[in-house]
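Summary of structural features
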Amino acid sequence: MLDISPVAKTFATMRILSGIQPSGRLHLGNYFGMMEPAIRLQDEGEAYYFIADYHSLTSIHDPSVLRDNVRDVAIDFLACGLDPGKAVFFRQSDVPEVTELTWILSTLTPMGLLERCHSYKDKIAQGISPSHGLFAYPVLMAADILIYNSELVPVGKDQKQHIEVTRDLAQKFNDRYGEGEPLLHIPEPRIAEDSAAVPGLDGRKMSKSYNNTIGIFEDAKALKKKVMRITTDSTPMEDPKNPDDSYIIMLYQLVATADEVEEMKADFRKGGQGYGHFKKQLLDKLTEYFAPMREKRDELANNDAFVEEVLQQGAKQARIVARETLDRVRKAVGL
Ligand code: TYM
C-alpha cells in the first residue's frame, strides 16, 4: 500500500539535497548519476529532493509539456525508490522563497563566474540563444542548495562546477554579511565514482541535448532499438574485441554483477561473437533491472492524487526551512 508517513527527524541530521529538471523522460544518466545514489542516501540523513521546474523554464516554453513532465518525473522518482516517508520530495516552484534568495545572491555574483560555467558555454555552442535565465541558472541552483542548509549534494559530474559556484557564493555572502558567523552553510558535492558520467549511445555523456539517451522506462521495442544503436567499432564477429573502451560494457557494468561483467569482458577478448550478441545481453539485464520499478510506476501512474499529495506535503515541509533561511538572510542584508 502507498503510504506517506512523516519524515524521521530524530537522529539522522545530515541535510542531503538534490534536484532534477523535468525536461523530458529520465534516462540512465539521471538514474545512475543522481537518482540511485540519492535514493540510497535517504537512509543516511534528512534528504530533500525536488523537481527543478523553475530551471526547466529556460528550455520548455509549452505549459502543458512542463506540467506533464513534472508529473512524469515525480512518478519516475517515486517508482525508482524515493520514499516520501524518508525524504522530503517537492516541486521547486512550490517554494517561491528560493527566487528571492536567488536575487539576493545574484547581487554578489561576479559576471565572470557565470561566464566560465561549462554548461552555459555548451548550450551556447549548441546554438541556443541564451536568455538571462539560462545565464543566471547557477545562481538559482545555489539558492536551491543554500536555502535548505544543505550539507551534501549528490549529483553527476556535469553539475560539479555548479556546486563550486554555490560554495563560492556562500563564502562571499558569509564574508560580506556574516560578521564572523557562517550565515550560509558551505555544501559538499557527492559524485558517484562509477557513474559520474554515464555514456550515451554515441559514447558522449548521456544527455537529452545530444539525443543519445536510453530512458529508464522506455517501452520494450524502443529500448531494443536504442540498445542496438550503441556505437561500436567494425571489428569482425570472429575477431577478439577490446572490452576497455566499449560503451556496451560501460553500460552493462551499471546493471550487471562484477562476475557478469568479467564474463562479458572475457567473451569480448575471446572473439567469435558479434557486438549484437553483447547488446542483447545488455538489453536483457536492463529489462530485468528496471522491471520492479516499471511495475511500481504503473501503479503510481494510476494514482495522481497520491503523487500530488506527496509533492504538496513535501513543499510544506521544505517551505518551513526555506522561510527560516530567508528571514536570516533578509535580516543580515538589511531588508
Ligand atoms: P539535470 O536535470 O540535468 O540532471 C539531474 C541529475 O542527473 C545527473 N546526470 C548524469 N549523471 C551521470 N551521467 C550522465 N550522463 C548524467 N546526465 C545527468 C546530473 O548530474 C544531475 O545530478 N541543475 C541540475 C538540477 C538542479 C540541482 C539543483 C541539482 C537544480 N537545482 C540543486 C542539485 C542541487 C540539472 O540540470 O540536473
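Calculation criteria
Residues numbered from 1 in each chain as written. Predicted model: local features only at pLDDT ≥ 70, side-chain atom pairs only at ≥ 80, totals over all residues. Heavy atoms only, no water. Helix = DSSP H or I, 4+ residues; strand = E, 2+ residues; numbered from the N terminus. Rg over C-alpha atoms; globule rule 2.2 N^0.38 Å. Buried < 20%, exposed > 50% of the residue type's maximum accessible area, 1.4 Å probe, protein only. Areas by Shrake-Rupley, 256 points an atom, 1.4 Å probe, with all protein chains shown as cover. Lys, Arg positive; Asp, Glu negative; His and termini not counted. Charge placed at Lys NZ, Arg CZ, Asp CG, Glu CD. Expected span 1.5 Å × (residues − 1). Bend = angle between axes of the 7 residues up to and from the residue. Near = heavy atom within 4 Å. Polar contact = N/O pair within 3.5 Å; in protein donor to acceptor, adjacent residues only side chain to side chain. Nonpolar A, V, L, I, M, F, W, Y, C, P; charged D, E, K, R; others polar. Pairing = 2+ DSSP bridges. Right-handed = clockwise from strand over helix to strand, strands pointing away. Domains from an automatic or database assignment. Contact = heavy atoms within 4.5 Å. Buried area = accessible area lost by both parts, 1.4 Å probe. Salt bridge = Lys/Arg side-chain N within 4 Å of Asp/Glu carboxyl O. Phe/Tyr/Trp six-rings, centres within 6.5 Å; stacked < 30°, edge-to-face > 60°. Lys NZ or Arg CZ within 6 Å of the ring centre and 35° of its normal.

1. Focus: the overall build of the protein chain
Scanning the protein chain from terminus to terminus reveals 13 helices and five strands. Taken over C-alpha atoms, the radius of gyration comes to 21 Å for the protein chain, in line with the 20 Å a tight globule of 335 residues would show. Considered along the principal axes of its C-alpha atoms, the protein chain spans approximately 75 × 50 × 40 Å. Looking at the 335 residues of the protein chain, the share that counts as buried comes to 50%. Approximately 16100 Å² of the protein chain is accessible, and the part contributed by carbon and sulfur atoms is 50%. Averaging the locations of the 41 positively and 50 negatively charged side chains of the protein chain gives two centres separated by 3 Å.

2. Some points on helix 1 (residues 28-41)
In this model, helix 1 (14 residues) spans 18 Å end to end at C-alpha, consistent with the 20 Å of a helix rising 1.5 Å per residue. M35 marks the point of greatest bend in helix 1, at about 35°, and the proline P37 comes within the next four residues. Among the 14 residues in helix 1, 13 count as buried, and that is most of the element.

3. Digging into the site of the ligand
In the region of the ligand, 28 residues are neighbours, and Q21, Y137, D144, D158 and V198 sit closest. Interatomic distance of 3.0 Å between a backbone N/O atom of M206 and a nitrogen atom of the ligand. Taken together, the residues of the shell around the ligand sort by class into 14 nonpolar, eleven polar and three charged.

4. Concerning the pairing of strand 1 (residues 15-20)
Most of strand 1 sits inside the fold, with five of its six residues counted as buried. The pairing of strand 1 with strand 2 (residues 46-51) spans six bridges and is parallel. Directly across from R15, in strand 2, lies its bridge partner E46. Taking the sense of rotation as the criterion, the β-α-β connection linking strand 1, helix 1 and strand 2 turns out right-handed.

5. Things to note about the domain arrangement of the protein chain
Domain boundaries in the protein chain define domain 1 (15-197 + 304-333) and domain 2 (208-295). Inter-centroid distance (C-alpha atoms) of domain 1 to domain 2 is 32 Å. Taken together, the contact pairs 19 residues of domain 1 with 15 residues of domain 2. Of the roughly 1400 Å² buried between domain 1 and domain 2, counting both surfaces, carbon and sulfur atoms make up 67%. Interface area lost by domain 1 to domain 2 is led by H27, L28 and F32, which between them contribute 41%. Where domain 1 packs against domain 2, one counts zero salt bridges. Taken together, domain 1 and domain 2 are joined by four residue pairs in polar contact (both at pLDDT 80 or more). It is helix 1 that contributes the most residues to the side of domain 1 that touches domain 2, six residues altogether. Split into classes, the residues belonging to the side of domain 1 that touches domain 2 amount to seven nonpolar, seven polar and five charged.

6. Thoughts on the environment of G24
With respect to the element layout, G24 can be found in the loop between strand 1 and helix 1. Classification of G24 by relative accessible area gives buried; the value is 17%. On a C-alpha basis, the gap between G24 and L66 in space is 8.7 Å, while along the polypeptide they are 42 residues apart. Not counting residues up to four positions away in its chain, the partners in contact with G24 are N69, V73 and K208.

7. Remarks on the pattern of salt bridges
What the rule picks out here adds up to 23 salt bridges. Close ionic contact of R15 with E46 constitutes a salt bridge, the shortest N to O distance being 2.5 Å. Linking R15 in strand 1 with E46 in strand 2, this pair joins segments that are 31 residues apart in sequence. The exposure classification of R15 matches that of E46, with both residues buried. The partner of R323 in a salt bridge is E97, and the shortest N-O contact between them spans 3.7 Å. Of the two residues, R323 sits in helix 13 (residues 304-333) while E97 sits in helix 4 (residues 97-106), which places them 226 residues apart along the sequence.

8. Digging into the packing of aromatic side chains
Two measures describe an aromatic ring pair: the distance that separates the ring centres and the angle between the ring planes. All chains considered together, the criterion is met by 16 aromatic pairs. With a centroid separation of 5.9 Å and 65° between ring planes, the pair formed by F268 and Y275 is classed as edge-to-face. Lying across the ring of Y275, K241 places its NZ or CZ 5.7 Å from the centre.

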